[in-house]
Amino acid sequence: MNIAVFVSGGGTNLQALIDYEKAHTDCPYHICVVVADTKKAFALERARNAGIATRVVSPVAVLGAERARAADKDEKRVAVSDAALAAAKEAGADAIVLAGWLTVLAGRIISEYGGRIVNLHPALLPKFGGVGMWGHFVHEAVLAAHEAESGCTVHLVDEGCDTGRILVQKKVPVLADDTPETLAARIAPHEHEAMVEGVCLLAKMLG
């Protein structure tokens, strides 16, 4: 299964996918392209170091500086999503993996890759999902709700935000003295495991 990995940040989950593919001759997936919605994503460096093709589909890259400044949030979302779709198709991707991708997908990409997009979320969905729930905002909300446990979820992407079918979940305890940073650090290694498991499971599902 050829996968396009979509990224926005440091790319530690991308690295987990790269390392697994490199270490396993029977790996059921192959990363054919890494697509970033910002040229500042360090994940692009990780991809280049691994010899993987990269594409940047930031609003400025897609629309040009002037149009990007004038465009509203929805217009930018669709433009970035359409450009990401084109990059995935051009690379021959069978599926898309959202590994710390912050642009909420919109438009044709959801239907054209229906049932073939997975996302990693840093909480136990369906709790603490939805618009605005990413990164430290998720961990802050978990702590504010005095939850006994948290973790991460790999799920299929549908038209909603963090609402698709759950494939893999990993749980960790929330400790009394946790901060958003310590909770995030405890969940991180499990995210890497869940990411790889979820993508391997998707490959199995798609046959």
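Cut-offs and rules
Residues numbered from 1 in each chain as written. Predicted model: local features only at pLDDT ≥ 70, side-chain atom pairs only at ≥ 80, totals over all residues. Heavy atoms only, no water. Helix = DSSP H or I, 4+ residues; strand = E, 2+ residues; numbered from the N terminus. Buried < 20%, exposed > 50% of the residue type's maximum accessible area, 1.4 Å probe, protein only. Axes fitted to C-alpha atoms, helices over the stretch in contact; angles between N-to-C directions. Parallel < 35°, antiparallel > 145°, perpendicular 65-115°, else oblique. Contact = heavy atoms within 4.5 Å. Nonpolar A, V, L, I, M, F, W, Y, C, P; charged D, E, K, R; others polar. Pairing = 2+ DSSP bridges. Salt bridge = Lys/Arg side-chain N within 4 Å of Asp/Glu carboxyl O. Phe/Tyr/Trp six-rings, centres within 6.5 Å; stacked < 30°, edge-to-face > 60°.

J.: Can you walk me through the environment of isoleucine 187 in this structure?
T.: Looking at the secondary structure, you find isoleucine 187 in helix α8 (residues 180–206). Relative accessible area serves as the criterion here: at 0%, isoleucine 187 is assigned to the buried category. Once the C-alpha coordinates of isoleucine 187 and serine 150 are considered, the two residues, 37 residues apart in sequence, prove to be 8.0 Å apart.

J.: I'm lost on the packing of helix α7 (residues 136–144) against α8 in this one. Help?
T.: Packed helices, taken two at a time, are described by the angle between their axes plus the distance between the axes. Look at α7 against α8: their axes get within 9 Å of each other, and the N-to-C directions meet at 110 degrees. Classified by the angle between their axes, α7 and α8 sit roughly perpendicular to one another. When α7 is examined against α8, the residues His136, His139, Glu140, Val142 and Leu143 are found in contact with a partner set consisting of Pro180, Leu183, Ala184 and Ile187. When grouped by side-chain class, the residues that make up the contact of α7 with α8 number six nonpolar, two polar and one charged.

J.: Would you mind going over the sheet that holds strand β3 (residues 54–56) with me for this structure?
T.: Note: strands within a sheet are paired through backbone hydrogen bonds, in either parallel or antiparallel orientation. Read from one edge to the other, the open sheet built from seven strands follows the order β3-β2-β1-β4-β5-β6-β7, with strand pairing classed as mixed. The open sheet has two edge strands with one neighbour each: β3 and β7 (166–173). Pairs of neighbouring strands in the sheet enclose a mean axial angle of 20 degrees, with direction left out of account. Helix α1 (residues 12–23) contacts β1 (2–7), β2 (30–36), β4 (95–98) and β5 (117–121) of the sheet and is inclined by roughly 165 degrees relative to β2.

J.: What exactly am I supposed to notice about the pattern of salt bridges here?
T.: Should their charged atoms come close, side chains of opposite charge can pair. Per the counting criterion, the structure on display carries eleven salt bridges. Glutamate 75 is the partner of arginine 67 in a salt bridge, and the nearest nitrogen-oxygen pair spans 3.5 Å. A residue is classified by how much of its surface remains accessible, and glutamate 75, at 35% relative accessible area, is partly exposed. Taking the shortest distance from any N to any O, the salt bridge between glutamate 147 and lysine 127 comes out at 2.8 Å. With glutamate 147 in the loop between α7 and β6 (149–156) and lysine 127 in the loop between β5 and α7, this residue pair connects regions lying 20 residues apart in the sequence. Three or more residues are tied together by salt bridges with common partners; here these are Lys89, Arg108 and Glu112.

J.: Would you mind going over the pairing of β2 with me for this structure?
T.: Remark: a regular strand shows side chains that alternate across the two faces of the sheet. The buried fraction of β2 amounts to six of the seven residues, a majority that puts the element mostly inside the structure. Strand direction decides the pairing type here: β1 and β2, joined by six bridges, are parallel. Counted as the bridge partner of isoleucine 3 is isoleucine 31 from β2. Across three bridges, β2 lies against β3 in parallel orientation. Note on β3: the bridge partner recorded for alanine 36 is valine 56.

J.: Help me understand the packing of aromatic side chains in this model?
T.: How two aromatic rings sit relative to each other is given by the distance of their centres and the angle of their planes. Here the structure, examined in full by the defined rule, presents three aromatic pairs. Ring geometry for phenylalanine 6 and tryptophan 101: centres 4.9 Å apart, planes at 50 degrees, overall tilted. Of this pair, phenylalanine 6 sits in strand β1 while tryptophan 101 sits in the loop between β4 and α6 (108–112), and the two are 95 residues apart along the sequence. With respect to class, phenylalanine 6 is no different from tryptophan 101; both count as buried. Their ring planes at 20 degrees and their centres at 6.2 Å tell us that tyrosine 20 and tyrosine 29 sit as a pair that is stacked. Classification of tyrosine 20 as partly exposed rests on a relative accessible area of 25%. Using a relative accessible area of 3% as the deciding quantity, one classes tyrosine 29 as buried.

J.: Explain the environment of glycine 92 here, please?
T.: With respect to the helices and strands, the residue glycine 92 is situated in the loop between α5 (73–90) and β4. Overall, the relative accessible area of 33% leaves glycine 92 in the partly exposed class. Apart from residues no more than four positions distant in its own chain, glycine 92 is found in contact with Asn2 and Cys32.

J.: Teacher, can you tell me more about the pairing of β6 here?
T.: Most of β6 is tucked away, with seven of its eight residues classed as buried. Pairing analysis gives seven bridges linking β6 to β7, with the strands arranged antiparallel. Across the sheet, threonine 153 pairs through a bridge with glutamine 169, a residue of β7.

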